[in-house]
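Understanding the architecture of this molecule
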Amino acid sequence: MDTAELSQHISRRFNEDLERVRSQVLNMGGFVEQQLAKAVSALVEGDSTLGETVARDDFEVNRMEVSIDEECSRILATRAPAASDLRLIVAILKAITDLERMGDECEKIGYIASRLATQERPVNKYREIKHLGRVVQNMVHDSLDAFARMDAEAALRVARQDRLVDEEYEAIQRQSITFMMEDPRNIRRALDVMWVVRAIERIGDHAKNICEYVIFMVHGKDIRHVRLEDVEAELAQRGTKN
Amino acid sequence: MLRNPFEDWGFALWRVLLVAGIGALVGLFVGHLWWGIAGALAIELARQLANLNDFLDWLRHRNQRDPPDAGGRWGDAVSLVSRLHRRKQFHKQRILRLFRELRRSTASMPDGVVALNADREILWFNRKAAELLGLRRKTDFGINLASLLRVPEFARYLEKGEFSSSLRIKPRIGEPTCLEFQGAPYGEGQLFLLVRDVTRQAQLETMRKDFVANASHELRSPLTVIAGYLETLSLGEELPEDLRGPIQEMRRQSERMTAIVSDLLELSRLEASDEQVVGQPIDVAALLAVLRKDLVARDAGKHEVSVSIEAPDGLMGDTGLIHSAFWNLADNAAKYTPAGGKITLRWWVDELGGHFAVTDTGPGISPEHLPRLTERFYRVDPGRARDTGGSGLGLAIVRHVLQRHGAELKIESEEGRGSAFACHFPRTRLVREPIAMTGDSGYSPTNDK
């Protein structure tokens, strides 16, 4: 469904409601993006105040989720949307759950960052976390862009990046194990770092979920638990048919 | 167009009658009068229908085909339509040319421009805006701009609907790119948004701030050493009499330099953030009492210092910062007021908010200096600065502290009569209940220099 189609609605008010709730979701997404960037930078820079700020501000994400949730219920109850509108509402309801979880992961990173800030920083200054954080930040950004533009192709591209994140996660895990074996005094910090890496990796998964909802919204096709290659092939086939 | 006089309505009628007449003649000749007339009219009708068909055909493909060569009324219609068509084409070309010109000129603009409708959806943008904001020409029309540029401050800026000031944000956190937005409303709620890349300026500013902070930090350690030795020297018994004066002066100057350096450091700390301070409730009455005591102790009772508390309200703010700002104002008054003068510290509340003022009976400041007074190292009288021993940064610090509390500094002065430095805090900063003082919830009077 594209914006032109959206604007053809008979009821202007309904259309406005949908647009408003959609921009609210992206607003929330923007806030989560900022939280993620702040959380990663709090850890990498060793800024305990920033870490605490991130952990404290998570209530804002929860508040946004509740308010969008209510708005969606209201639209479902009063307007009884059908077809693409219904898909939009369903996708939004799912996307905000994922965004809220991302917020929780950011909160966790913030906490750990403020705790780790008091300790000595490792020699590589958390370079691998910075790198992984950058990849996931881009994923979140691009998935929300795809959501805003209803761009299924971009969504598919982002979803494919998730594999990269998983590989990176594996690599950092192996590295941490080496650290722990080298010197048992590193164990505590390495475990904390693993928590952070895990949280970032989970955020990547949530970003992938959002991409799946975008594809669901555009094509009305559920691609969860399907291999991405199959999805690609099918979408390409549809493209030639149209 | 030349009009054929025969090709008018009357002629057409006559023509039909003529055809009917010929038909009648032929009919009479073969013995079927009515069949003859009917046949002739049918042929005429077929001819007209064929002409109509040609005409419609041409109308449908009038851009590719030459007009049909039909006579009579059909020729009139064809020439009329083709004239209208030509005129329309001409206007269309002109508007298209104008539009292209406009688009090309906006594309060459050094700043990005985005036009938004009342719902803040993208109506149009130029090439630079696409480049700066990552917008795409094919897909992004009609999308809410705040949905693509999802920085919370930006959404707030658009929502506020008040565009007297510009907004500076970093669209991607962790990247140095810094953009400045300036909205200009037009029409019925539409908005013109100017976007500029100010990355370079922002970097220069950060560099400058970092430089000041680092330089003052680096200067502090050697100064401490110098001041330490000077102190030991000046206390030493074996110091020759003729060196005593110079050493004392050196000590005074090194103290002054330390004061300047620590003020610079404080200023750069204040500048590091624009965020509003939340702080905690401050008991203003107790703060002013402490200030008065310090002031009297410092200048050995040279001035008459009075405190006037006219409201029980407290103030929400950072205790250390507010103390530093109020102390700077009170200290300034003491420095510039001759001995025997009066200094009043006053706190009052009205419908506009809370106000703190320091009034003195000093020499006053002439009006041309007032606007520049809070600049760093600005001196009303450069000659006098040395004996007062100020750092020249006091009022700059005051201004920054007040900015971060949403407050304003107003200076009123009359030459020969004295000056009044007033801080105006918004109502939101007031605490209704008088604060119960607990332990050390106040300011430490020792942190003055």
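Just above, that's the structure.
In terms of regular secondary structure, chain B is built from twelve helices and 13 strands. A total of 449 residues make up chain B; the buried ones form 38% of that total. Looking at chain B alone, contacts between residues at least 24 apart form 59% of all its contacts between residues at least 6 apart. With an accessible surface of roughly 26,900 Å², chain B has 58% of that area assigned to carbon and sulfur atoms.

Bringing the packing of helix H2 (residues 33–60) of chain B against helix H3 (residues 72–107) of chain B into the picture now. All names here are of chain B. Between H2 and H3, the shortest axis-to-axis distance is 11 Å and the interhelical angle comes to 10 degrees. With respect to H3, the element H2 is oriented roughly parallel. Judged by residue contacts, Gln48, Asn51, Leu52, Phe55, Trp58 and Leu59 of H2 engage Trp74, Ala77, Val78, Val81 and Ser82 from H3. By residue class, the composition of the contact of H2 with H3 is eight nonpolar, three polar and no charged.

Once that is clear, we can look at the side chain of B:Asn144. Among the secondary structure elements, B:Asn144 is positioned in the loop between helix H4 (127–133) and helix H5 (145–148). Within polar-contact distance, the side chain of B:Asn144 engages the backbone nitrogen of B:Ala146 at 3.0 Å. Dropping the residues within four chain positions of it, B:Asn144 is found in contact with A:Ser23, B:Asp119, B:Arg120 and B:Glu121.

The next point concerns the packing of aromatic side chains. Each aromatic ring pair is specified by the distance between its two centres and by the angle formed by the two planes. Across all of its chains, the model carries eight aromatic pairs over all chains by this definition. One aromatic cluster in this structure is built from B:Phe55, B:Trp58 and B:Trp74. A cation over an aromatic ring shows up here: A:Lys94 above the ring of A:Phe216, its NZ or CZ 5.8 Å from the ring centre. Taking the ring centre of B:Trp348 as reference, the NZ or CZ of B:Arg346 above it sits at 3.9 Å.

Take the sheet that holds strand S1 (residues 112–116) of chain B next. All names here are of chain B. Read across the open sheet, the five strands follow the order S2-S1-S5-S4-S3; overall the sheet is antiparallel. Pairing within the sheet leaves two strands with one partner each, and these edge strands are strand S2 (122–125) and strand S3 (167–169). Each strand axis lies, on average, 25 degrees off the axis of its neighbour in the sheet, ignoring direction. Contacting S1, S3, strand S4 (179–186) and strand S5 (190–197), helix H6 (residues 152–160) runs over the sheet at an angle of about 165 degrees to S3.

All right, on to the interface of chain A and chain B then. Contacts between chain A and chain B engage 19 residues on the former and 20 residues on the latter. Carbon and sulfur atoms supply 44% of the area that chain A and chain B bury against each other, a total of about 1,700 Å² over both sides. Together, A:Gln34, A:His141 and A:Arg149 form the three largest contributors to the area buried by chain A at its contact with chain B, with a combined 33%. Across the chain A-chain B interface, the total number found is four salt bridges.

All names here are of chain B. Evaluated as defined, the whole model comprises 34 salt bridges over all chains. Between Lys335 and Asp331 there is a salt bridge, with its nearest N and O atoms 3.1 Å apart. With Lys335 and Asp331 both in helix H10 (residues 319–336), this residue pair falls four residues apart, about one helical turn. Note that Glu414 and Arg417 form a salt bridge whose closest N and O atoms lie 3.7 Å from each other.

Rules used throughout
Residues numbered from 1 in each chain as written. Chains lettered and ligands numbered in written order. Predicted model: local features only at pLDDT ≥ 70, side-chain atom pairs only at ≥ 80, totals over all residues. Heavy atoms only, no water. Helix = DSSP H or I, 4+ residues; strand = E, 2+ residues; numbered from the N terminus. Buried < 20%, exposed > 50% of the residue type's maximum accessible area, 1.4 Å probe, protein only. Contact = heavy atoms within 4.5 Å. Areas by Shrake-Rupley, 256 points an atom, 1.4 Å probe, with all protein chains shown as cover. Axes fitted to C-alpha atoms, helices over the stretch in contact; angles between N-to-C directions. Parallel < 35°, antiparallel > 145°, perpendicular 65-115°, else oblique. Nonpolar A, V, L, I, M, F, W, Y, C, P; charged D, E, K, R; others polar. Polar contact = N/O pair within 3.5 Å; in protein donor to acceptor, adjacent residues only side chain to side chain. Phe/Tyr/Trp six-rings, centres within 6.5 Å; stacked < 30°, edge-to-face > 60°. Lys NZ or Arg CZ within 6 Å of the ring centre and 35° of its normal. Pairing = 2+ DSSP bridges. Buried area = accessible area lost by both parts, 1.4 Å probe. Salt bridge = Lys/Arg side-chain N within 4 Å of Asp/Glu carboxyl O.

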